[in-house]
Amino acid sequence: MISAYINILFIFVLMFIGYFLTYKQWFSNQIGDAFSKLVLQIALPCNMFLTITKNFSRSEFLQLVGGTVIPLLSMLLTFAISFAYRRIFQITPARKGIFTTMFTCSNTIFIGLPINLAIFGEQAVPYVLLYYIVNTTLFWTLGIYFIASDNPQIEQAKVSFHLVPILKKIFSPALMGFLIGLCAVLLNINVSDSIATFFSYLANLTTPLSMFVIGIIVYNVGIKNLPLNKDIIGVIIGRYIISPLIVWLLGQWISVPPLMLSVFIIQAAMPVQNSVPILARSYDADQQFAASSLGYSVLLYLAYIPLLLKLIL
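Note that the coordinates shown come from a computational prediction; the quantities given were computed from them, not determined experimentally.

Analysis parameters
- Residues numbered from 1 in each chain as written.
- Predicted model: local features only at pLDDT ≥ 70, side-chain atom pairs only at ≥ 80, totals over all residues.
- Heavy atoms only, no water.
- UniProt positions renumbered as here; feature names shortened; annotations may be inferred.
- Helix = DSSP H or I, 4+ residues; strand = E, 2+ residues; numbered from the N terminus.
- Polar contact = N/O pair within 3.5 Å; in protein donor to acceptor, adjacent residues only side chain to side chain.
- Salt bridge = Lys/Arg side-chain N within 4 Å of Asp/Glu carboxyl O.
- Buried < 20%, exposed > 50% of the residue type's maximum accessible area, 1.4 Å probe, protein only.
- Contact = heavy atoms within 4.5 Å.
- Core = buried A, V, L, I, M, F, W, Y, C linked by side-chain atoms within 4.5 Å.
- Axes fitted to C-alpha atoms, helices over the stretch in contact; angles between N-to-C directions.
- Parallel < 35°, antiparallel > 145°, perpendicular 65-115°, else oblique.
- Left-handed = near helix turned anticlockwise from the far one by under 90°.
- Nonpolar A, V, L, I, M, F, W, Y, C, P; charged D, E, K, R; others polar.
- Phe/Tyr/Trp six-rings, centres within 6.5 Å; stacked < 30°, edge-to-face > 60°.
- Lys NZ or Arg CZ within 6 Å of the ring centre and 35° of its normal.

**Re the UniProt feature "transmembrane region" (unreviewed entry) in the protein chain**
Item 1. Residues annotated by UniProt as "transmembrane region" (unreviewed entry) correspond here to residues 6-22, 64-85, 97-117, 129-149, 170-189, 195-219, 240-269 and 289-309.
Item 2. What you have in residues 64-85 is 82% helix and 0% strand, and the ends, taken at the C-alpha atoms, are 33 Å apart.
Item 3. Along residues 289-309 one finds 100% helix and 0% strand; the C-alpha atoms at either end are 29 Å apart.

**Remarks on the environment of T92**
Item 1. Turning to its location among the elements, T92 is positioned in the loop between α4 (69-88) and α5 (96-104).
Item 2. As for T92 and S282, which are separated by 190 residues in sequence, their C-alpha atoms are 20 Å apart.
Item 3. Here D231 takes part through its side chain, which lies 2.9 Å from a polar atom of the side chain of T92.

**What about the pattern of salt bridges?**
Item 1. Using the criterion set out here, one finds 4 salt bridges in the structure.
Item 2. One salt bridge connects R281 with D33, and the closest N-O pair in it is separated by 2.8 Å. Here the residue R281 occupies a position in helix α15 (residues 275-282), and D33 occupies one in helix α2 (residues 29-55), the gap between them amounting to 248 residues.
Item 3. Among the residues examined, D33 registers a relative accessible area of 36% and is labelled partly exposed.
Item 4. The salt bridge partner of D231 is R95, with a shortest N-O separation of 2.8 Å.

**Let's talk about unusual backbone geometry**
Item 1. If you check the backbone angles, Q90 has positive phi at about 50° while not being a glycine.
Item 2. Position of Q90 relative to the elements: it lies in the loop between α4 and α5.

**Digging into the side chain of S293**
Item 1. Position of S293 relative to the elements: it lies in helix α16 (residues 287-312).
Item 2. Apart from residues no more than four positions distant in its own chain, S293 is found in contact with M102, I232, V235 and V272.

**A look at the nonpolar core**
Item 1. Counting 95 residues, the largest nonpolar core has W140, I266 and Y301 as the members making the most contacts within it.
Item 2. With 16 residues, the single largest contributor to this core is helix α7 (residues 125-149).
Item 3. Those residues within four positions of I266 in sequence are excluded, and the remaining contacts are I115, N116, I119, F120, Y301, I305, L308, L309 and I312.
Item 4. Among the nonpolar cores identified, the runner-up in size contains 5 residues, and C46, F49, A196 and A203 belong to it.

**As for the packing of α2 against helix α12 (residues 206-221)**
Item 1. For the pair α2 and α12, the least separation of the axes is 9 Å and the interaxial angle reads 150°. In terms of orientation, α2 lies roughly antiparallel with respect to α12. Considering how the two elements wind past one another, α2 and α12 form a crossing that is left-handed. Residues N29, G32, F35, S36, L38, V39, A43, L44 and N47 of α2 lie in contact with α12, whose contacting residues are T206, L209, S210, F212, V213, I216 and N220.
Item 2. A per-class count over the contact of α2 with α12 returns 9 nonpolar, 7 polar and no charged.

**Considering the packing of aromatic side chains**
Item 1. What the rule picks out here adds up to 22 aromatic pairs.
Item 2. Ring centres of Y240 and Y304 lie 4.3 Å apart, and the angle between their planes is 20°; this geometry places the pair in the stacked category. Highlighted residues: Y240 in helix α13 (residues 230-253) and Y304 in helix α16, separated in sequence by 64 residues. Of the two residues, Y240 and Y304, neither departs from the other in class, the shared state being buried.
Item 3. Their ring planes at 45° and their centres at 6.1 Å tell us that Y301 and Y304 sit as a pair that is tilted. Pair noted here: Y301 and Y304 are both in helix α16, with a separation of 3 residues, about one helical turn.
Item 4. Residue class for Y301 comes out buried when judged on its relative accessible area of 0%.
Item 5. By the ring-pair criterion, three or more aromatic residues cluster together here, those being F16, Y19, F20, Y23 and Y219.
Item 6. Residue placement shows R95 over the ring face of F289; its charged tip is 4.4 Å from the ring centre.

Below is the structure:
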């Protein structure tokens, strides 16, 4: 658990570096935009491609694919519950889409993988990646659709049935990187070591640049303007109560190995996706709300994870 806490702390350190360097005027909004494009169009696609091709063979993927039932059902149910929650608790209309995405989708790789490795060891990796596949697919399809719908121009395009702008947002470079990697796995296409090494150089930019952008956003918005409000509390409830609870309930109904269920519960109870504030910035959604929700979710996770482990272990 110590190594897991250190990994979470390092995420905060990267965000603070982005904040501090913006304060020192090394970074600006223009640099933040450039970092966002670099992450979304180059680093993340390489990261998605490598994650799937390095950790799965065709036989392994086909053997485990049946285990996607619980993550898929749980996330679809959580999406549905988020719609009811935002209506009952009157979530701010301009952030309904991004609220739904953060309420449902979790940080399954940057935080999820090291946390599960620290708790369960290498035997948990296949189950971690199984949840990652479902989470990634839904995040870069339904999730990105909801974030984009918070932009009035894109919302108007949707109402007018001009679906091309929506499809361009959904089939983003990150999702395409993931789908190409999945095709390579299913077709038994081997990625050479030299290509994998080159892609890894770019993929490794994802986490630091993502957190730098969040630090830039937090600085420009102002820490004093990041209060804890009912909308952020709603995101926390979705992330840390509703999402893992649904996975646990499905596990009582659908028979899966105990380790698989435990990993799924841990994965469902992760902080907000690192990419959300960058996407909010890119699509002119509420980036202040996204950055605040991410920050609070990661901060609260330090106290939350020991409680969760006591319940499931």
